[in-house]
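Listed below are the residues making up each chain.
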Amino acid sequence: RVSALKTMDHYQLLVLADALQPAFFESGSHLIHYGEVGGWMHIIVEGQVEVLGRNNFNEPVHVCEFGWGDCVGELEFLYSHPCVADVVAITDVKTVRLHRDHFEMCMGPVAGFLKDRAEEDVAYTYYQQRKKETVAFNFAEDTSFLRMLDSETGTACEDVTRDMVPEELTLYQRR
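About the cut-offs
- Residues numbered from 1 in each chain as written.
- Predicted model: local features only at pLDDT ≥ 70, side-chain atom pairs only at ≥ 80, totals over all residues.
- Heavy atoms only, no water.
- Core = buried A, V, L, I, M, F, W, Y, C linked by side-chain atoms within 4.5 Å.
- Buried < 20%, exposed > 50% of the residue type's maximum accessible area, 1.4 Å probe, protein only.
- Helix = DSSP H or I, 4+ residues; strand = E, 2+ residues; numbered from the N terminus.
- Polar contact = N/O pair within 3.5 Å; in protein donor to acceptor, adjacent residues only side chain to side chain.
- Contact = heavy atoms within 4.5 Å.
- Pairing = 2+ DSSP bridges.
- Axes fitted to C-alpha atoms, helices over the stretch in contact; angles between N-to-C directions.

(A) Spotlight on the nonpolar core. Grouped together as the largest cluster of nonpolar side chains are 21 residues, with contacts concentrated most on Leu98, Phe103 and Met107. Within the residue set of this core, elements represented by two or more residues are α1 (10-19), β3 (40-46), α2 (74-79), α3 (100-107) and α4 (111-120). Take this core: its biggest share by element is 4 residues, from α2. Ala85, Ala89, Val93 and Tyr126 belong to the second largest nonpolar core, which has 17 residues in total.

See below:
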């Protein structure tokens, strides 16, 4: 059921199987914490998890649920950024997990597939939106402009006046 694994050959699957570690999480436990640098990608073997993002007031909001065969935590590895959501066990959850240090070696061959899925799958709508919103705004207190930063590189890409920014973005939460 893990669609990314279907594209891997026998040798790649053996390397991955050797690097995977079993993990268990009780209901209510966090697999992933918002804002932290993720250390693990999890493939859910049993149970159900809830993904909790953040709204403009930095309050947790339900994004989606994942279950058997779904992956969580891979986006932080693919895009090299802190976790954009909490992943919390709804039921007792068993996973097999892959450490960040092994991700490129084991999952490199399917990185393109994982990125495409994150861009196209409706379950990743929150992530797609956050990726666009992560264009952070730095407000200068004594001026009327703000500098928009590129979400992936963190470099300034455009200066705009406050009146050019939609009101809902002026409430942008800081990560």
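Once you've had a look at it, read on.
(B) Representation of the side chain of threonine 95. Structurally, threonine 95 can be placed in strand β8 (residues 93-99). Assessed through its relative accessible area of 3%, threonine 95 is described here as buried. A polar contact is formed between the side chain of threonine 95 and the side chain of histidine 42, at a distance of 3.1 Å. Threonine 95 has contacts with Gln21, Pro22, Ala23, Phe25, Leu31, His42, Ile43, Ile44 and Val45, leaving out every residue within four places of it along the chain.

(C) Just the pairing of strand β4 (residues 49-54), in detail. Burial analysis of β4 places 5 of its 6 residues in the buried class, the great majority of the element. Looking at chain direction, β4 and strand β5 (residues 60-66) are connected through 6 bridges and run antiparallel. Of the residues in β5, the one forming a bridge with arginine 54 is proline 60. Turn length for the β4-β5 hairpin, with the two strands adjacent in sequence and antiparallel, is 5 residues, and the turn residue asparagine 58 shows positive phi of about 65°. Of the strand pairs in this sheet, β4 and strand β7 (residues 86-89) are connected by 4 bridges, and their pairing is antiparallel.

(D) Focus on the sheet that holds strand β2 (residues 30-32). Pairing in this open sheet of 4 strands is antiparallel, and the strands run β2-β7-β4-β5 from one edge to the other. On the outer flanks of this sheet lie β2 and β5, each paired with one strand and no other. Strand-to-strand, the axes of this sheet are offset by a mean angle of 30°, without reference to chain direction.

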